[in-house]
Amino acid sequence: MKHLILFIWLLLMSEIQSLEIIAGDFADVSHIGNPASDEKTDGPPANINRYERRQKRSDDSSTEKEVEDHVDEQLTIHSYKVKSIITSRLAETVFSTKVVNKESSAQNVAFNVQIPQGAFISNFTMTVNDITFVGSVHEKNVARNLYAQARAQGKAAGIIRTSAHEMESFKAEVNVPGGSKVSFELYCQELLQRRLGLYEQIIILHPGNLVKQLQVDVYIFEPQGISRIEAPNMLGAQFDGLIHITKGENKAHISFKPTLDQQRKCPNCSDSAIDGSIVVRYDVKRELNGGNIQISNGYFAHFFAPSNLPPLPKNIVFVIDVSGSMWGIKMKQTVEAMATILADLRPEDQFTIIDFNHNIRFWNDHLVSATPSQVEDAKKYIGNIQPSGGTNINEAILSAIYILLEANNLGLLDPRSVSFIIMVSDGDPTVGEIKLSNIQRNIRKQMREDFSLFCLGIGFDVDYDFLERLALENRGLARRIHANVNASSQLTDFYEEVATPLLRNIDIHYGEDVTDVTQDSFDKYFSGSELIIAGRLKNAKTSTLQCLVTASSANDDLMFQVDSPTDELDKILAKQKYVLPGFTKQLWAYLTINQLLAERVLAQSALQKKNITSRILGLALVHQFVTPVTAMLVESEETGQRLLADSPKSTRNGCCPGTPIIGRKPSVIPSWAEKSTPQPPQQLIRPEMDSKLGLKVPVTSVENDPHFIIYLPKSKQNICFNINPQPGKILNLVSDPIKGVAINGKIIGGKKTQNKKLNTYFGTIGLHFTNLNLSFEVSTENIRLKDGKHKTLLWWSESSILTHASAVVSVNKNTNVTITVGEDMVFLILLHRVWKNHPTNVDFLGFYAPPTNNFSTNVHGLIGQFIHEPEVNVYNIHQGLDPHKPQATMEVKGHKITVTRGLQKDYRTDTVNGTNVQCWFIHNSGKGFIDGHFKDYLVPHLYSFLEHP
């Protein structure tokens, strides 16, 4: 299968899961540290060094001043701290708490934090009376057996993990002797996913009591640079101004450190007003459409999120469950969401609606364009639905597939469009085919490879496992929608994530230098999201990692080449205080485990599931992640006591499912789990220069100040002239109204005059093809393609190829761009970069075109007029004032003019020094050689035709 599934991180996190308590009772550990009851030990626990290393990482280097305030409570929370270090989207968050029991009697102390369901717990430590409990990850059954042994001896305590909405609760409780201190520390890691253009980290704060030292620190380091960051106050007006953001070019620090008085609900209250979230949202700078590759410690992470692309047209069938269980608030909020979603459709989109209970009804039995009148009619239809009856999921989805298939067979689907089904349901199938495996098989059999199915399950009782399987098997994703918790917003938020598809059929090739690459073939890419690929370098001595990205957009076939040095990032990271060393290795493991968990959901046999589970287990143990197949045993070697941190179970699933993904159905053993890496097709290897414009081919060109070299193929001579227009003026180079081609150049000036003269250059070249409704604007900054109202942007900073109808644009990184139109026109534009702080010169462009370009007899312009070669006679060659520059008389177009033999530069292979070209130079701005005066070739804008040739 050509493509794998498109990987998008979306909220498993949103899944409500059941409570799981691993132990019946919490063990009384009040005797810990009590000489009368403890056995004497010879030294600290064997794992204490590991704890001390983690403790050192989580504490600030500066000494903290003790707070003298007193709170009249039995238990004093001495400190409550959260420290999160985010490096290139990978976040490691440490939750730490220190509690003092001021009473003389023992008290129960609970440590309760909430973490995102997408995060992996990587360590938990607890210290009671200087006895430290240290966590270590084991295979689930091994950990449970060790825990059971301790429990049989009365030396076990439980850790509770529950899930609701997007967060998971982690709770540990111990009985602490009077006058004792206890500290807790929980580590977790997560990969922040880009949704609707932003990364988001949520830190839940619920200390329960006033805290002497309450502090939250989030440190962000993004090598690409941070373009936007915000941390809105979600805790209430009382805390306005207490969340501080410090931002640099590529790092930021968010801090929250309220005093005791600032925490109080009222001036004299002993209750804490803190109960909510610290939310950090940010995005990074993006200069390359081919993405950014970061390499560290022998691993790489490739972040792909192109922009400035036109949206792909959509073909959507909305399938709405209207069975009796949808009555009331569920239906009301679904109608509200659908009104917003339908209004967001674009005119080029096609859609229809199916509503189902025990019967199937169609708003329209075929796709229609999303015109204002059709959208309004669809809203009215949805608003009049009255839920009742059973649930026939099988027939509803098969009907939706049939509508898409029929439209495709009739040629009504744009070849570059994307087609998907969005189903909203709150129940199990109860009518028609009700066997889940049969429904899955029926849908899988009928669904085309380029269709996708998205399943939105409303409510707690929905069989989410079944909906997830349906979606994953059909290149879609499942999302749980929480009823009565603003379900309307949840539905519309989901739609926004898939509302703007930008690319199809994305394939990424890294060559032979990498191995263990995660998913590198994707079905779709949506605006505001990001594709992340990771892998390992085979050879540590590799200096540069090369990558080719191919994809299809609304109008074009694209190819980007990305070259990334392998040794720069480690040097940068070494200078940073708050970064995660070796983050690429952890990111790779996180990504690989989640993709394998998704593959495990789709395993077709016990053997397949066993093999995938084995791979997950191996990675989780090496990287110390608590996953659905591992558990964390928290133990003290000194006392033999143990706690168990296990994965919570889902109500319907029986286990924690993998991360939802969008894309093509994977094979049993996905390519990203194999050792080999696919190579790019040979036809996609970009040539260094179009063969029609190789150096051996004589061309007509415009370079430097600007000087023109006109090649005359019949007489096999080069004729040169210079002109000196004012900056801001636009010169017509080619004007062919019959062929519909206009090529113009906009003049820019140097920074200051030299020898009383201001040098001028071409800063922008515009190429307009009216017959194709196609325009190119090439500047020293970028290359823009305009197709009607759509625009595509390419950057000089990356090599890329764009195929659009009969045009091909090939960018050679920071060197040149070749534009080929049809089979008989090709143009080369060179980029000349100068030193940024050069006192006089600026970046400029050079333009090259072969005489073989096929224009009509009406073509004109400064160089276009010479497509049809005039007769030239050069005679009376004699020595001039400069013995190295002979002079002669030239007869051309009825004029006799004096010309000088000299050298001009061709920069096609050497953009710095150029290659000398012999030519006859015509003085006075080409007077006598060009028709009229050069000012006759001034036009009002980049796409103008010459009015008076």
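As shown above, the structure is provided for reference.
Residues numbered from 1 in each chain as written. Predicted model: local features only at pLDDT ≥ 70, side-chain atom pairs only at ≥ 80, totals over all residues. Heavy atoms only, no water.

Trainee: Quick one: what's the story with the overall build of the chain, residue by residue and with numbers?
Mentor: Within the chain, the secondary structure is distributed over 13 helices and 50 strands. Surface accessibility of the chain: about 38,400 Å² in total, with carbon and sulfur atoms responsible for 48%. (Helix = DSSP H or I, 4+ residues; strand = E, 2+ residues; numbered from the N terminus. Areas by Shrake-Rupley, 256 points an atom, 1.4 Å probe, with all protein chains shown as cover.)

Trainee: Before we move on, could you go through the state of the cysteines and cite the residues and values that matter?
Mentor: Enumeration over the complete set of coordinates arrives at two disulfides. Between the sulfur atoms of cysteine 266 and its disulfide partner cysteine 269 the distance amounts to 1.7 Å. Around the S-S axis, the bridge from cysteine 266 to cysteine 269 shows a dihedral of about 90 degrees and counts as right-handed. Here cysteine 266 falls in the partly exposed class, since its relative accessible area comes to 29%. The partner cysteine of cysteine 720 in its disulfide is cysteine 919, sulfur to sulfur 2.0 Å. Across the S-S bond linking cysteine 720 and cysteine 919, the dihedral sits near -125 degrees, which makes this disulfide left-handed. Of this pair, cysteine 720 sits in strand E35 (residues 717–722) while cysteine 919 sits in strand E50 (residues 915–922), and the two are 199 residues apart along the sequence. The connectivity of the disulfide bonds within the chain can be written as 1-2, 3-4, using the sequence rank of each bonded cysteine. (Disulfide = S-S within 2.5 Å. Buried < 20%, exposed > 50% of the residue type's maximum accessible area, 1.4 Å probe, protein only.)

Trainee: How would you sum up the sheet that holds strand E10 (residues 199–205)? Please name residues and give values.
Mentor: Pairing within the open sheet is antiparallel, and its three strands lie in the order E10-E15-E12. Unpaired on one side and paired on the other, E10 and strand E12 (226–230) mark the two borders of the sheet. Here the strands of the sheet are splayed against their neighbours by 15 degrees on average, with no regard to which way each runs. (Pairing = 2+ DSSP bridges. Axes fitted to C-alpha atoms, helices over the stretch in contact; angles between N-to-C directions.)

Trainee: Mind laying out the environment of asparagine 289, listing which residues take part and the relevant values?
Mentor: Tracing the backbone through its elements, the reader meets asparagine 289 in the loop between strand E15 (276–284) and strand E16 (292–296). Not counting residues within four places of it along the chain, the set of residues in contact with asparagine 289 comprises Phe304, Pro306, Ser307, Phe560, Leu793, Leu794, Trp795 and Glu798. A polar contact is formed between the side chain of asparagine 289 and the backbone oxygen of leucine 793, at a distance of 2.7 Å. (Contact = heavy atoms within 4.5 Å. Polar contact = N/O pair within 3.5 Å; in protein donor to acceptor, adjacent residues only side chain to side chain.)

Trainee: How would you explain the pairing of strand E29 (residues 544–552) if you had to name every residue and give the values?
Mentor: A regular strand places its side chains on the two faces of the sheet in alternate fashion. Extensive coverage of E29 is indicated by the burial of seven of its nine residues. Sheet topology places strand E25 (residues 501–509) next to E29; four bridges connect them, and they run antiparallel. Within E29, the residue paired with arginine 504 across the bridge is serine 552. Of the strand pairs in this sheet, E29 and strand E30 (residues 556–565) are connected by nine bridges, and their pairing is antiparallel. Bridging from a neighbouring strand, threonine 544 pairs with proline 565 of E30.

Trainee: Quick one: what's the story with the pattern of salt bridges, residue by residue and with numbers?
Mentor: Enumeration according to the criterion identifies 28 salt bridges in this entry. Salt bridges here are not isolated pairs; linked through shared partners, they connect Arg89, Arg194, Glu222, Asp283, Arg286 and Glu530. (Salt bridge = Lys/Arg side-chain N within 4 Å of Asp/Glu carboxyl O.)

Trainee: Run through the sheet that holds E16, naming residues and quoting values.
Mentor: Spatially, E16-E17-E28-E26 is the arrangement adopted by the four strands of the open sheet, whose pairing is antiparallel. Strand pairing shows two members of the sheet lacking a second neighbour, E16 and strand E26 (514–515), which therefore form its edges. Inspection of the sheet shows E16 paired to strand E17 (residues 299–304) by five bridges, in the antiparallel sense. In the sheet register, asparagine 292 faces E17, and the bridge partner there is phenylalanine 303.

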